[in-house]
Every structure is written in structure tokens, then in C-alpha cells.
Amino acid sequence: MGRLLLVWRLAARDLRRRPGEAALFLVAVTAATAALSLGLATGNAVTTGFEKTREATAGPDITAITTASDPSDLARRLAKTPGVAAQSDPIFAFDATVGLHGTSAHTSVEGRDTAPSTVDRPLVTDGSWVRPGGAVIERGFAEVFGVRVGDSVTIGGRDYPVAGIAISAATPVYPWSDWAQGPGPTDRGGRIWLTTADARAAVSDASVVHLIHLKLSDPDAPVHWRDTVFAPDNRGEAWVNTHNWQTVLQADTNMIRDTRPTLVIGGWLLAAAAIVTLAALAAVRATRDNRRAGLLKAVGAGPRTVAAVLLAQYLLPTAVATALGLTAGTLAAPGLANPSAGLLVTVGPPTTGTVVAVLLLATLVVLAGTLGPVLRAARTSTVHTLAEPAHPVTRRPRLTAVTAYLPTALLVGVRLVARRPGRAGLTAIGTAAISLMVAALLAYRATAGHDTGTGLSDPAMAAVNARIGEVVLGVTVALVALSALNAVFVGWSSAVQARHALAVTRTLGATPGQVVTALCTAQLLPAVPAVLAGIPGGIALYGFLDAKSVTPPASWQLIATLGVLLAVGVLTALPAWAHARRPAGPALGAEAA
Amino acid sequence: MTGDGRLVRGRSRRQGADDGPVLRAAGLSRVYGRGETLVRAVDEIDLDVPAGQTLAVTGPSGCGKSTLLQLFGGLDRPTGGKIWLGGRRIDHLGERALAGLRRRALGFVFQDFHLMDELSAAENIELPALLAGASPRTARDRAAGILGRVGLADRARHLPSELSGGQRQRVAIARALVNEPLVVLADEPTGNLDSAATHDILRLFGELRAAGQTLVVVTHDERVAATADRVVSLRDGTLVDDTRLDNGFGDTAPLGSLLSWEG
């Protein structure tokens, strides 16, 4: 207990003493966990929305559609078919072109009783249910065309005032909700309800179908029921087609299928960026942690206690950041994952899988960034921990000899890279992550410019495409922001870590300009191959996820490559310049890193 | 390094009485903080150091000795007063100009050695020469020669971590001399050394002194101070004592040779 109290006290004090570092830590881990939980929650959000809607509207397990002019025979046979728990009366329906606010669109027109049906009872969210002369429009369809209660729609040359707006889970959301088109290929369309009498009056010469919504005694196995019980010899002469609830959910989920991989991949890329941030943070803290470990050992703490104290400093904010990320991702998921206004959008708790994955990610990120320095500090002998620098430097005699021929700035820069190859690796990972995402964004823009993201031009799909674009842009902005933060932080921490070496170099006569150039060189050397690999890598990754992707023009790729490198250079030069402007003496006196 | 066995060449030799001091401070101040937290680390110090003189700066901890040395070396900026090196004012120079000065006219020796851990003894000594624009071959030759003079020829390829404290300090002294500076500034050069190593360093300083190298040594160690030509004492940032010792100070060298670092 006492040991736990000690660990808690030391970790809490450390966090309080260094609020800036704690904030940076929180930002990095929260961004990564939020993006991943968002990505994992999107699929769950559609499922939750569909299930809520299905429950609220007595959604069918399976729907039979027939072209028979008299569906009563099919209805009777269905009623006698084993496994059917409940069924709606046959619903008169036809495919029509509806006029809305001066535009027209395909839609199914369904004739419904004013009384609620046993199966598929559309939930009126605004206005009232059908009445003679009044139409009810499916909410997703209405929203895309800006139709509200009190407006009017035109069917077969007759105007119908909009009595209400409703949702239903019997069909997929707009534009896949027109099931009245009969045999053959179907077109996209919406869903409008009239009274049965009004529907019959409006049909004109359109082909009529009847829909029978069914509840099964085993709702989870409608396909099995259809294939074994509702076999073709039980369907009669006329054309009969069926749609089960799983295909409806699949169609709804497909509407946002491009969003999820972006978020999941974005989450992992953000995680990579977060590892860079944390590793840089751990590197900056290493000297302090090392000394702290030595002091703890000097007063009798064992390696396990030392490791626990040091890791607690990282794991405590990790727990907070994970909770923040999970909450943010879960709250944002319905908004980003909502394929249409046609579903009841509610915030559900994250699934166990999502929680486990996000926790795993956060722990991996933190351990990858910090475990090495912590274990090194815990294992090293007390005297050495107190006396030695936290980071062993790497000696490369051949490289040292070769660099003697380089100009001063390059000589110092290359030697800095050779001195701390791990830091060069950090820079490379961070730069590769940003390059990947920038290239993926370019590929997305190129593809979107070539045609719409889903290949469809419906207003509904345009809205979905715009949402996908927003998600890609959002993830990219988050990644760019974190990467920019990384570039500044890694540059600054490089300057901090190298301050002793650079202060000695300045004491020996290197100018501030040479020191800044050296630090930029040390950052750009690993950044160049990372960008050169990251840009084509990002395009390839996008192509892997979207078969219709278009490769961005070479000029875009060149600008992106130079832009990323310029950003790395500038963001390194600024803290380096601030560091080099100060006299060398104080840095010499500072603790050697 | 010359072939006659001396550690320094002629340009650092003592100057004549008419040539003026090689290092001079007038009203030199360095103040930290403000208001109630104001600390006068160096307070209105006037000091001349003739060429070839070995000056020991002594005083209790926190009296401003190291700050004074950093101001002389352009490692810190004064908040008041003026500094001349070789007759040229340096207190108002920018970092770039100060870097040039450190490269060509100054050599530093620190208590903590401040050697590059990843570079061998020879590579550490080559570094200032390379920074000053010497070719790799020249830098290598100079380092090899000077390593021999400080008795570490057989340790040229050793890393600092493979050397004793005294050996590390000898490497640091060799590094300070490799560009033949006007002045060598040493901050507690024996502070981390045992008696035997201290003796080695004092012997080395004796050779420097005999060769006419201007040397400013900040020290707590009375044995080090006793080998100087002159000892100044600081207390609370001010100069409280200035004693000339009879250690054979007398030869001179023309000032013109001292100014070869300029440009």
C-alpha cells in the first residue's frame, strides 16, 4: 500500500511540475485513440441506428415482393408457411417520378392504411401519418430534397401536401429504398406513403407490385427460411422476390464503407505519430528520469519500484487520454457514420472489442515510446544512473573520418545523426506517417475530381461523398497537426538532447547558422527517404482501399514531397534558431543529455 | 605546435609593455534577475591581462569566477562594461562573430572536460581545427603532434570513457591548443582530478607558461594559483585582491602577431 502511495505521489507530482509535457502527452494519445475508436465505432453506429429504427418501427425480418395482380393468394400461402410469426397485409405500391421543389426523383409510392400495420409501422418524426390527400415522405429522402411538412409533392400530375415525415427500417435508406420497381435492374429512389385509395388513384399506367412484410419465428435466419421453407414451388406463378433485414443493414452500411477504412487507417497513422511524440518526450525526459531512478535506488528502491514509478508517469495520463479518446470517438461516430437521416441516430456505448482495441493501442503506443528508457534507467547501477548520461551514444569511426571532408554544418549534422540513430528513426517514422496521409488525401482528391467518390451522382450520394471527404480531411488535418507538433517537438527535443554537444561545438567555434543548418540536416537526412517512401506508399494504400482510385498528377506529388520536407526543415529550424541565439555558456553548464 | 618542443607558437608569446593587454575588461558586469532576485555575478570589474601572463582567478563558490571566464570567452553576454581581446572590443559582437573569435583566438578547458563521448581523443582534438577550416589531413597531423606533446600518443584512438580523468583533461588541453589561440581560458581544470593527475596538469600548464601562452585559470586550488604569474581574487562579483607572484614573468612578444585571428 505504501509503495502504491509512493508511486502515485511521485507520478502526480511529476505531472503537476510539468503540465506542458502532460498536455502534449494527452493530445498525442487522445488523438490516436479518438481516431481509432471513431473508426471502429462507425460500423457499430450504423448497426445500432438500424436496430433502433427496426425496433421502433416493427421492422420486418423479410419482405416478399410480388408482381401478382392479386396478392391475396401469396398472402394466404405465406400465412400457412411454417416459421412466419406475423405478416402485414399486402401493400399496394408502384414506381413513380415525383416532383419536389421543382426537381424530380424516382420513388416508390406505397398505399397504406391509416391504421398502424402489424409489421413495418413507419415512425412519424414530424407531422402526422397518411390521410386522404396527404403524403408522408421518408425522412432521408425528404432531407436530401429539403422537403418539409406543409410542402407539396407532385405524383402523376397531382399535388399532395406533405402531411408528415417518417422513418422505416423495412427498406434501406435513400437512395436505395425504392422496392416497387419490379423485376429487372433497379434504379435509385426514395419512398413515399399515401393512403391506399390515393395510391390506387395515382397509379395511372405504372406497373404495380405488392409488398408483404413478415416477422419470422427465427428472425436471425431469414435466408435459411427462404431457402428451405419459402422455396420457389411455394411462391405461385407470379414473380416473387425477397429481401431480408441483413441485406437492408448491409446496404445502409455500404453507404459509409469508404469512411471506415479512412478512420481506422487514420487511427493507426495517428498512433504512429503519437509514438513519435511520446518517444521524443521520453527522450527529453530521459535525463530527468535517469536521475530520478538513481535517487530512488539510492534510498533503497528496487528496480521494480523504480520501473513502476517511471511507468506510472506515463500510464496515468494514458488512462485519462484513452478515456477521452474513447468518449470523443464514440460521441462523434453517429454523426460521421450516419448514412442518412433515415435512421434513428443514437450514441451507444462502445463495444468490448472497441474498448480492448483502443486500450491495446494506447498501451502499445506508450510502451513503444517509453519502455526502453524506463527499463534502462531501472536496470542501470545506482552510481552509473546518477553519473552517466541517459542515452548511450553510438561511435562510428569511419563515418567520423568521412565527415571530416564535409562543410562544417554538414559535418556536425551528419555526426548528430550518427550519434543518435534512434532519433533519426523517430523522425523517419513521423515523416513517413504524415507523407502517407498527405498522399492518401491527394489520391482521394484526384479520385473525387475524376468522378464522385462512390461513382454516383445522386444528391444523396453527393452528400455521403462530401461526408467521406470531410472525414478524410479531418483525419488529415489531425495528422498534419500532430505531425507539425511532432516536427516542432522532435526538432526541439533534438536541440535539447544535442545541446551539450552543440554547446561544445559552439564553444569550439561553430556559428549559430552552422548549428541551425546542422540540426536541420540531422532532421532532413532521415526525412528525405521517409517522404520518398511515404508519398507513393500513401497512394498505393489508397489504391488498395479503393479500386477506383486515380493516381494524383506528378506535379501534385512533387509539391507534396517538397512541402513536407520544407515543413520539416522550417519546423526544425525555428526551435533550433531559438536555441542557437542564446549564448553557449549556459547550455554548457546544463546537464549533459 | 612547433617542432622545437614547445606547446605553442610565437603569436602567443608575451607582448611588450607598449602593446597593451591581450585581454582587457573595463567596468565589466553580469547581472541576473531583477528586483529582489537580482544577483550581481560580476560587478564592475576592471582587469588587464598582458600577453603571456598566467592569471589565476580565485574566490569562494558563487563569487563570479566562472561567469567572468564565460564573459571573456564570449560564452555569455555582459550586462554592462566592455571587453577587449587583442585590442578589439568583443562585448558587442553577435553570436556569429563570437563564434569566429572562439574558433581562432580562444581555447577552453573545463572542469568537466566537455569532450565528445563518441569521438576518440584524436578526433576530439581535430574538431576545432576542422571547424576553423583546416583540411582533414592538416587537422589529423596537428592532433597527432599535440597528442604526443601531452603524452597521449598511444591513446589517440581511445574514447573519453576509456581514459582516466587526468588523461581526459590533457586531451581537453590539447584540443584548446590545436588552433594556437591567443588565450586559453581554463575553468577549474583540476577540480575533478586526483593529486597525481593534478600534478600532470600543472606540469602541462607550466610548459604553456614557459612557452608564453596567455592563460586565465579559474581555480579553487591554491597549488594551481601558486604556479600563476598573478592571482586575482573575487568576492560577490567584485575584484578584492590582485597579487603578482614572482614566477619569472618577463619575456615579451609583439602584439601584431597576436592579431592574426582577425578577419
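Note that the structure is predicted; figures quoted are calculated from it, not measured.

Conventions used here
Residues numbered from 1 in each chain as written. Chains lettered and ligands numbered in written order. Predicted model: local features only at pLDDT ≥ 70, side-chain atom pairs only at ≥ 80, totals over all residues. Helix = DSSP H or I, 4+ residues; strand = E, 2+ residues; numbered from the N terminus. Buried ≥ 20, exposed ≤ 12 C-beta atoms within 10 Å, placed from the backbone. Contact = placed C-beta atoms within 7 Å. Pairing = 2+ DSSP bridges. Expected span 1.5 Å × (residues − 1). Axes fitted to C-alpha atoms, helices over the stretch in contact; angles between N-to-C directions. Parallel < 35°, antiparallel > 145°, perpendicular 65-115°, else oblique. Left-handed = near helix turned anticlockwise from the far one by under 90°. Nonpolar A, V, L, I, M, F, W, Y, C, P; charged D, E, K, R; others polar. pLDDT = per-residue confidence, 0-100. Bend = angle between axes of the 7 residues up to and from the residue.

### So, the overall build of chain B
Stage number 1. A count of helices and strands for chain B gives 7 helices and 10 strands.
Stage number 2. Within chain B, the proportion of its 263 residues that are buried is 54%.

### Overview of the overall build of chain A
Stage number 1. Along chain A, the regular secondary structure elements total 19 helices and 11 strands.
Stage number 2. Across the 593 residues that make up chain A, the buried fraction comes to 53%.
Stage number 3. Within chain A, residue pairs in contact and separated by at least 24 positions form 85% of the contacts whose partners lie at least 6 positions apart.

### Notes on the pairing of strand β4 (residues 80-85) of chain B
Residue and element names in this part refer to chain B.
Stage number 1. Relative to β4, strand β1 (residues 23-32) runs antiparallel, the two being bridged by 5 bridges. Residue Ala25 lies in a different strand from β4, and its bridge partner there is Ile83.
Stage number 2. In terms of strand pairing, β4 meets strand β5 (residues 88-89) through 2 bridges, oriented antiparallel. In the strand pairing of β5, Leu85 is matched with Arg88.
Stage number 3. Where β4 folds back on β5, the antiparallel hairpin that results is connected by 2 residues, among which Gly86 adopts a positive phi of roughly 60 degrees.

### Looking at helix α6 (residues 195-210) of chain B
Residues and elements named next belong to chain B.
Stage number 1. For α6, spanning 16 residues, the distance from its first C-alpha to its last is 22 Å, which sits close to the expected 22 Å at 1.5 Å a residue.
Stage number 2. Every buried residue of α6 is listed here: Thr198, Asp200, Ile201, Leu204, Phe205, Leu208 and Arg209.
Stage number 3. Against β3 (54-58), α5 (165-177), β7 (183-187), β8 (214-218) and α7 (222-226) lie the buried residues of α6.
Stage number 4. At the exit of α6 stands Gly212, carrying a positive phi of roughly 90 degrees.

### Section: the packing of helix α17 (residues 512-545) of chain A against helix α18 (residues 554-581) of chain A
Residues and elements named next belong to chain A.
Stage number 1. It is at 8 Å that the axes of α17 and α18 come closest, and there the two elements cross at 155 degrees. Overall, the two elements α17 and α18 adopt an arrangement that is roughly antiparallel. For the element pair α17 and α18, the recorded crossing hand is right-handed.
Stage number 2. Considered class by class, the residues forming the contact of α17 with α18 number 18 nonpolar, 5 polar and 1 charged.

### Digging into the sheet that holds β5 of chain B
Residue and element names in this part refer to chain B.
Stage number 1. Pairing is antiparallel in the open sheet, where 4 strands are placed in the order β2-β1-β4-β5. Both edges of this open sheet fall to β2 (39-49) and β5, since each of them pairs with a single strand only.
Stage number 2. Across 7 bridges, β1 lies against β2 in antiparallel orientation. Across the sheet, residue Ala25 finds its bridge partner in β2, namely Leu47.
Stage number 3. In the packing of helix α1 (residues 65-72) onto the sheet, the strands contacted are β1, β2 and β4, and the crossing angle to β2 comes to about 60 degrees.

### So, the confidence of the model for chain B
All names here are of chain B.
Stage number 1. Looking at chain B as a whole, its pLDDT mean stands at 83, while 86% of the residues score no less than 70.
Stage number 2. Confidence over residues 1-18 falls short of pLDDT 50; this stretch has 54 contacts with residues more than four positions distant or in other chains.
Stage number 3. If you check the scores for this complex, the pTM reads 0.64 and the ipTM reads 0.77.

### Examining α17 of chain A
Stage number 1. An ideal rise of 1.5 Å per residue puts 50 Å on 34 residues; α17 of chain A measures up with 47 Å between its terminal C-alpha atoms.
Stage number 2. Where α17 of chain A bends most, the angle comes to about 30 degrees, and this point is Ala527 of chain A, followed within four residues by the proline Pro529 of chain A.

### Side note on the interface of chain B and chain A
Stage number 1. In this complex, chain B contributes 26 residues to the contact, which on the side of chain A involves 24 residues.
Stage number 2. At the level of secondary structure, the elements contributing two or more residues to the side of chain B that touches chain A comprise α2 (95-104), α3 (121-131) and α4 (136-149) of chain B.
Stage number 3. Residues of the side of chain B that touches chain A, tallied by class, amount to 13 nonpolar, 3 polar and 10 charged.

### What to know about the sheet that holds strand β10 (residues 238-244) of chain B
Residues and elements named next belong to chain B.
Stage number 1. Taken in spatial order, the 6 strands make up an open sheet running β6-β7-β8-β3-β9-β10, and their pairing is mixed. Looking at the sheet topology across the chains shown, the edges are occupied by β6 (106-110) and β10. On average, each strand axis in the sheet is inclined to that of its neighbour by 15 degrees, with strand direction left out of account.
Stage number 2. Bridge analysis of β6 against β7 gives 5 bridges, and the strand direction is parallel. Bridged to Phe108 within β7 is Leu185.

### Considerations on the confidence of the model for chain A
Stage number 1. Scored by pLDDT, chain A has a mean of 81; 87% of the residues are at 70 or more.
Stage number 2. Contacts from residues 452-456 of chain A, a stretch scored under 50 in pLDDT, to residues over four places away or in other chains number 15 contacts.

### Thoughts on the pairing of strand β10 (residues 208-216) of chain A
Residue and element names in this part refer to chain A.
Stage number 1. The element β10 is extensively covered by neighbouring structure, given that 7 of its 9 residues are classed as buried.
Stage number 2. Bridge count for strand β2 (residues 84-87) against β10 is 3 bridges, and the pairing is antiparallel. Bridge pairing in β10 links Val84 to Leu216.
Stage number 3. As judged from the 4 bridges shared by strand β3 (residues 91-100) and β10, these two strands associate in the antiparallel manner. Residue pairing for β10: Ile91 is matched across the bridge by Leu211.

### Considering the packing of α5 of chain B against α6 of chain B
Residues and elements named next belong to chain B.
Stage number 1. Look at α5 against α6: their axes get within 8 Å of each other, and the N-to-C directions meet at 20 degrees. Judged by the inter-axis angle, α5 sits roughly parallel to α6. Pair α5 / α6 crosses with right-handed handedness. Touching Gly165, Gly166, Gln169, Arg170 and Ile173 of α5 are Ala196, Ala197, Asp200, Ile201 and Leu204, all from α6.
Stage number 2. Within the contact of α5 with α6, the residues separate by chemical class into 5 nonpolar, 3 polar and 2 charged.

### Observations concerning the environment of Ala446 of chain A
All names here are of chain A.
Stage number 1. Mapped onto the elements, Ala446 comes out in helix α14 (residues 421-450).
Stage number 2. The exposure class of Ala446 is partly exposed, given the 17 C-beta atoms found within 10 Å.
Stage number 3. Taking the C-alpha atoms as reference, Ala446 lies 6.8 Å from Thr551; in sequence the two are 105 residues apart.
Stage number 4. If sequence neighbours within four positions are ignored, Ala446 has contacts with Val550, Thr551 and Pro552.

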